[in-house]
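Coordinate analysis (summary)
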Amino acid sequence: MRHWALPLSFALLGLAPVTWGQAELREGVARYHYYQNDYLPALSELMVARKQGDLGLDRGAVHEGAIRMAFGMSASAERLLESALSGRPKQRDAARFYLGKLHYLRGDWPQATDAWARVGDALDPDLARERRALEWQWRLRTGEPEPVDPETLWDQLGEWAPVVLYNLGGAFARAGDREQARHYYQVLVEEVPRQERHKAEYLTLRDRAFTALGFTALLEQDFERAEQAFDRVRLSREDADQALLGYGWAALERGEPARAVRAWQALGEHSLTGSAAQEALVALPYAYTQLDAPQAALDAYDRADARLEEELARVDQLRRQLTPAYLRRQLAATDPRATLYLEGRENWLTLTESTVAASADPYLSDWVNQSPFQSQVQALSDLRDQAQLLADWPEKLAHYGQLLRNKRALRNDRQADVARRQLWAQIGQLRERRAPLVARLSDIETRSDYLALADDETRRLYERVEAARERADRLTAAGELENPRETRDRLALYRGILLWRAAQDYPDHLWRVRKQQRDLDRALAQLRTRQDRVRTVIADNPDIEPALARIAERTEAIVRQRQRLDEAQQRQAEQLADNLQTHLAQHQARLTQYLSRVRLGAARLQDRALREQGGAP
C-alpha cells in the first residue's frame, strides 16, 4: 500500500516519482514524511539510511539540512547543505535557498542576498515564495515601509502574505501612518483566501490584527468600530487581555458602562502579571461611577487595593528570596516545588538530556522561559559541572600520592632487607661452594672414580686394604712374611669386594652429588631473581620524589582553579539575580503605580461623597 502511496503523493506535489533502487526508496520515504510535515520521521529515515550506508552524503541532504536548521542545529545543517551544491539543479537551488535562509536567521543579510542571488530557475515555487517573504521581512525591519498592492503580495507570497501584511500594518503604525496601518490590517482580516482562513497561524495573526484595529479606532475616537474589532478577537487566546481591556474602554466611551464592567470584571480575575489585568483593576471602579454606583466603586477599589497589596507582597518576597546564594542552591536541585528549579529534558536529536530552568511562579515563568535567561542558567550549570569534576580530583591525587609513598616505603624496606641479609655476599658464597663441587664432579665422571663417591666406611676399609698390601710387599721383600702369595690373594679379594661395593653405590651417590649441584644452581637463580627485583626497585623505577612534587603542584593548581570556578559561579549567579531583580522591580514599579492610582481614585471618590454630604473638605 505504501509503495503505491509514495509515487501518487509525489505526483500530487509536482515531484518526479522515485525509482525503486535502495537509495531512491529510502530518500523517497523521507521526502514523503517531509511533505506531510512529519519532520522527525523524515529525519530519522535519512539518518538511519545514511548510517546503514544506503545513502551517500548528498542524497537527501537538502531535506535533512532544512530539518536540522529548523531544530537549531545550524552548523550540521550548513555542512549538509553545502554538500548538496554539486547536485542536480533543483537540489542545488534548494540548498542555496536554505543557506541564504541560514545567513538570514544569523542576521547576515549580505551573505543571505549573495546566496539567494545564485539561485536559478529550478527553485521550488513554495521556496521561492518563502524567499520573497523573508526579503520583505528584512526590508520592514531595517527601512521605512512603502505601500504595496495587497493583491501583489498574495500573488508573490502565497501563504506567507498574512505575516507580511501584519508586519506592514505594524510598520506603518510605528511610523505614525494609522491610515495605511488600518488598510493592511483590514486586508488581512477581510480579504484572505478561503484556504487560509482556518489555519492556526492565520487565526492568531487575525486576532492580533483585530486588536490593533481596535486600538487604532480608539485613538481615532471611532468607539463603535473599536468595539466591533475587539469583539471579534477570540477570548480563548492567552494574550486576549488587551482586547478585553480595549473592549471595555470602547463600551464605556459609547455610554455603555455595564458592558465595560462585565469585560473588566472578567479581566480582573486574570493573573496580575499582565498590565491589562492591572489596568482593569483601576478602570473597573471608574466604570461603576459611570453607573452611579459609588459604593460598588469603593468596594472595587478596596478589592483592587487588597489584590495589589497581595501581589506586591509576593513580588517583594520573591526579591528577598532570589539572592545569588539561593540561585546557586536551587539551580543545583530539581525540586518542582521550589520557586526556581532545574528539570531535565531529553534532546531527541542528540539523544542527550539537557537541563533547563523552570518556575511555576507567574512573575518568573515568562522571564525564565526566555532564551537569554536559559543561556545564563546553562552557563552556570556548566561552571557547576566543571567544579564538580575538579572536586573529585583532590581525593584521586591524594590516593596517587599515597601509592607513591607506599612505593617509596617498599623501596626503603627492600634496601634494608638487602643490607640486612647481605644478598650480594650470599651469591658470592654460593658461587664459591659450587665451583669446586662442579670441578670435582667433572673429574670423578671423567675417571669413573667410584671410590671418590663411596661412603666413609668403604673408603676407610679400602685405605686399610691398600695399606696392608703395601706392608705385605715390604715384608715379602724382607723375607719376613709367611705365605706371601696367600696374603696377596686375600688382600686382592678384599680390595675387589670393596671396589664392587663402591661401584654398586656409585649411581646413587652420583645422583646425590648432582642434586647438591642442582640445589646450588636453584639457590643461585633465586638469588639472581631477587637481585634483579631489588635492582629494579632501587635503580630502574622512575624517581618518586619528582612525581610527588608534581602531584603537590597539581593539587595546588586544582585548589586555585576551584576558587576561580567558585568566583565565576558567584558572578554568574549575581548576574542572574540582578536580571531577576530588575525584572521583578519592573513588576513592582507597575504594581505600585496602579496601587497609587487605586488609592488616589478611592480618596477622590470618598472626598466627593463627603462634599456631597456637606462634610469636611
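The rules we used
Residues numbered from 1 in each chain as written. Predicted model: local features only at pLDDT ≥ 70, side-chain atom pairs only at ≥ 80, totals over all residues. Heavy atoms only, no water. Helix = DSSP H or I, 4+ residues; strand = E, 2+ residues; numbered from the N terminus. Buried < 20%, exposed > 50% of the residue type's maximum accessible area, 1.4 Å probe, protein only. Contact = heavy atoms within 4.5 Å. Areas by Shrake-Rupley, 256 points an atom, 1.4 Å probe, with all protein chains shown as cover. Axes fitted to C-alpha atoms, helices over the stretch in contact; angles between N-to-C directions. Parallel < 35°, antiparallel > 145°, perpendicular 65-115°, else oblique. Left-handed = near helix turned anticlockwise from the far one by under 90°. Core = buried A, V, L, I, M, F, W, Y, C linked by side-chain atoms within 4.5 Å. Phe/Tyr/Trp six-rings, centres within 6.5 Å; stacked < 30°, edge-to-face > 60°. Arc of directions from axis to C-beta. Polar contact = N/O pair within 3.5 Å; in protein donor to acceptor, adjacent residues only side chain to side chain. Patch = residues over 30% accessible without salt bridge, like charges linked within 9 Å, V, L, I, M, F, W, Y side chains within 5 Å. Salt bridge = Lys/Arg side-chain N within 4 Å of Asp/Glu carboxyl O. pLDDT = per-residue confidence, 0-100. Nonpolar A, V, L, I, M, F, W, Y, C, P; charged D, E, K, R; others polar. Expected span 1.5 Å × (residues − 1).

**What about the overall build of the protein chain?**
In terms of helices and strands, the protein chain carries 25 helices and two strands. Of all 617 residues assigned to the protein chain, the portion counted as buried reaches 40%. At a minimum sequence separation of 6, the contacts of the protein chain that also span at least 24 residues come to 60%. Carbon together with sulfur atoms contributes 49% to the accessible area of the protein chain, which is approximately 35500 Å² in total.

**Brief notes about the packing of helix 20 (residues 371-391) against helix 25 (residues 544-612)**
One can describe the packing of helix 20 onto helix 25 by two numbers: an axis separation of 9 Å at closest approach and a directional angle of 160°. The angle between helix 20 and helix 25 falls in the class roughly antiparallel. For helix 20 against helix 25, the interelement crossing comes out left-handed. Contacts between helix 20 and helix 25 involve Phe373, Gln376, Val377, Ala379, Leu380, Leu383, Arg384, Gln386, Ala387, Leu390 and Ala391 on the former and, on the latter, Ile558, Gln561, Arg562, Leu565, Ala568, Gln569, Gln572, Ala573, Gln575, Leu576, Asn579 and Leu580.

**Concerning the nonpolar core**
Counting residues in hydrophobic clusters, the biggest one holds 88 residues, and the most contacted among them are Trp136, Leu153, Leu168, Trp264, Leu308 and Phe373. It is helix 25 that provides the largest number of residues to this core, a total of 10 residues. With residues up to four places along the chain from it excluded, the contact list for Trp136 reads Val148, Leu153, Gln156, Leu157, Val164 and Leu168. If you look at the next biggest cluster of nonpolar residues, it comprises 24 residues, including Met69, Phe97, Leu99 and Leu123.

**Thoughts on the packing of aromatic side chains**
If you walk through the whole model with that rule in mind, you get nine aromatic pairs. Ring centres of Phe215 and Phe230 lie 5.0 Å apart, and the angle between their planes is 75°; this geometry places the pair in the edge-to-face category. Of this pair, Phe215 sits in helix 12 (residues 200-219) while Phe230 sits in helix 13 (residues 223-231), and the two are 15 residues apart along the sequence. Consider the rings of Trp249 and Tyr286, whose centres lie 6.4 Å apart with planes at 40°: the pair is tilted. Of this pair, Trp249 sits in helix 14 (residues 241-253) while Tyr286 sits in helix 16 (residues 275-290); the two residues are 37 residues apart in sequence, bridging distant segments of the chain. Look at Trp249 and you get partly exposed, because its relative accessible area is 25%. A residue is classified by how much of its surface remains accessible, and Tyr286, at 39% relative accessible area, is partly exposed.

**Here's the deal with helix 7 (residues 109-117)**
Along helix 7, the positions that sit buried rather than exposed are Trp109, Ala112, Ala115 and Trp116. Taken around the axis of helix 7, the buried residues stretch over an arc of 125°, which confines them to a single face. The outward face of helix 7, more than 90 degrees from its buried face, is lined by the exposed residues Pro110 and Ala117. Next to the buried residues of helix 7 lie helix 6 (89-105) and helix 8 (125-142).

**Some points on the side chain of Gln278**
Counting through the fold element by element, Gln278 comes out in helix 16. Among the polar contacts listed, one links the side chain of Gln278 to the backbone oxygen of Leu272, at a separation of 2.5 Å. Discounting chain neighbours no more than four positions away, the residues touching Gln278 are Leu272, Thr273, Arg590, Leu591 and Tyr594.

**What about the environment of Glu395?**
Residue placement: Glu395 occurs in helix 21 (residues 393-421). Given a relative accessible area of 54%, Glu395 falls into the exposed group. Sequence separation between Glu395 and Thr555 is 160 residues, and the spatial gap between their C-alpha atoms is 9.5 Å.

**Thoughts on a nonpolar patch on the surface**
Together, Leu389, Trp393, Tyr400 and Leu403 make up an exposed nonpolar region whose accessible area comes to about 410 Å². Top contributing element to the nonpolar patch by residue count: helix 21, with three residues. Mapped onto the elements, Leu403 comes out in helix 21.

**Description of the confidence of the model for the protein chain**
Close inspection of predicted coordinates is inappropriate for parts of the model with low pLDDT. Residues of the protein chain with pLDDT of at least 70 account for 76%, and the chain-wide mean is 77. With pLDDT under 50 throughout, residues 1-20 is counted as low confidence; its partners more than four residues away or in other chains account for 28 contacts. The low-confidence segment residues 347-352, where pLDDT is below 50, has nine contacts with residues more than four positions distant or belonging to other chains.

**With respect to the packing of helix 9 (residues 150-157) against helix 10 (residues 161-174)**
Axes are the key here: two packed helices are described by the angle between their axes and the distance separating the axes. Close contact between helix 9 and helix 10 brings their axes to 9 Å; oriented N to C, the two are set at 145°. Taking contact as the criterion, the partners of Pro150, Leu153, Trp154 and Leu157 in helix 9 are, on helix 10, Ala161, Pro162, Val164, Leu165 and Leu168. Looking at side-chain class alone, the contact of helix 9 with helix 10 contains nine nonpolar, no polar and no charged residues.

**What to know about unusual backbone geometry**
At Gln221, a position not held by glycine, the phi torsion is positive, near 60°. Backbone geometry at Asp292 places phi at a positive 60°, although glycine is not the residue there. By secondary structure assignment, the location of Asp292 is in the loop between helix 16 and helix 17 (294-321). On the basis of relative accessibility, which here comes to 66%, the residue Asp292 falls in the exposed class.

**Some words on the pattern of salt bridges**
The tally for this structure, following the rule as stated, stands at 21 salt bridges. The partner of Arg259 in a salt bridge is Glu227, and the shortest N-O contact between them spans 2.4 Å. Remark: Glu227 occurs in helix 13 and Arg259 occurs in helix 15 (residues 257-268); sequence separation between them is 32 residues. Exposure remark for Arg259: the relative accessible area of 26% places this residue in the partly exposed category. Looking at Glu227, the relative accessible area reads 3%, which means it is buried. Its salt-bridge partner being Arg599, residue Glu309 comes within 2.2 Å of it at the nearest N-O pair. In this pair, Glu309 sits in helix 17 while Arg599 sits in helix 25, placing the two residues 290 residues apart along the sequence.

**Here we look at helix 16**
With 16 residues, helix 16 extends 23 Å between its outermost C-alpha atoms, agreeing within 8% with the 22 Å of an ideal straight helix rising 1.5 Å per residue. Burial analysis of helix 16 places 12 of its 16 residues in the buried class, which makes it a mostly covered element. Looking only at helix 16, the buried set comprises Ala276, Ala277, Gln278, Glu279, Ala280, Leu281, Val282, Ala283, Leu284, Pro285, Ala287 and Tyr288. As for helix 16, its buried residues are in contact with helix 14, helix 15, helix 17 and helix 25. Positioned one or two residues after helix 16, Asp292 has a phi angle of 60°, which is positive.

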